[in-house]
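# Observations on chain architecture
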Amino acid sequence: MKKLLALCCASLLAACSSNAPAPTASLAGEVFYLQRIALPPAATLSVSLQDVSLADAPATTLASQAGPVKGNVPLPFELNYDPSQIKPGHRYAINARIELEGKLLFTNTQQQSVRLNGHDPQPLRIKLDQVQ
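Residues numbered from 1 in each chain as written. Predicted model: local features only at pLDDT ≥ 70, side-chain atom pairs only at ≥ 80, totals over all residues. Heavy atoms only, no water.

- The protein chain is annotated in an unreviewed UniProt entry as Lipoprotein from Pseudomonas cremoricolorata.

### Considering the side chain of Asp51
- One can find Asp51 in strand S2 (residues 44-51).
- Buried and without a salt bridge, Asp51 has Lys87 as its closest oppositely charged side chain, separated by 5.3 Å.
- Reaching out from Asp51, the side chain makes a polar contact with the side chain of His90 at a distance of 2.7 Å.
- Setting aside chain neighbours within four positions, we find Asp51 in contact with Ala59, Thr60, His90, Arg91 and Tyr92. (Helix = DSSP H or I, 4+ residues; strand = E, 2+ residues; numbered from the N terminus. Buried < 20%, exposed > 50% of the residue type's maximum accessible area, 1.4 Å probe, protein only. Lys, Arg positive; Asp, Glu negative; His and termini not counted. Salt bridge = Lys/Arg side-chain N within 4 Å of Asp/Glu carboxyl O. Polar contact = N/O pair within 3.5 Å; in protein donor to acceptor, adjacent residues only side chain to side chain. Contact = heavy atoms within 4.5 Å.)

### Some words on the environment of Gln130
- On the secondary structure map, Gln130 appears in strand S9 (residues 129-130).
- Taking the C-alpha atoms as reference points, Gln130 and Tyr33, 97 residues apart in sequence, are found 7.8 Å from one another.
- Apart from the residues lying within four places of it in its own chain, the contact partners of Gln130 are Gln35, Ile37, Leu105 and Phe106.

### Digging into the nonpolar core
- One finds Val31, Leu49, Ile94 and Ile98 to be the most contacted residues of the largest nonpolar core, which totals 26 residues.
- Those elements that provide at least two residues to this core are strand S1 (25-32), S2, strand S3 (60-68), strand S4 (75-81), strand S5 (92-100), strand S6 (103-107) and strand S8 (124-127).
- Beyond its immediate sequence surroundings of up to four residues, Leu49 is in contact with Leu27, Thr60, Thr61, Leu62, Ala63, Leu79, Tyr81, Tyr92, Ala93, Ile94, Val114 and Leu116. (Core = buried A, V, L, I, M, F, W, Y, C linked by side-chain atoms within 4.5 Å.)

Take a look at the structure:
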């Protein structure tokens, strides 16, 4: 009987721990551009949180959001990420772009660094520049 009770308790604990959601943190903000032009209805916005610590390697994406553009600028975004992936001494940045049918229309040309220590201004404001 004690073995059965111990087995049931262990199973219950395992089920609770495996179904527990991973802790998340978020960055909210908006992207904008200065040109006075409307975006085509089929344009898409992609925003990502990246680890840009290694100069000789591609950035590692920790979180991303992509979808059709809804409305005019400023365009809101929210990135949910796992804070356990944040490593001390690493550098993190937000990358944003607007595309139309695979063609890049706007992107941020200056690195938008974030500290991910709870002191980043929110909403973040990401300026995009038109691609020629």
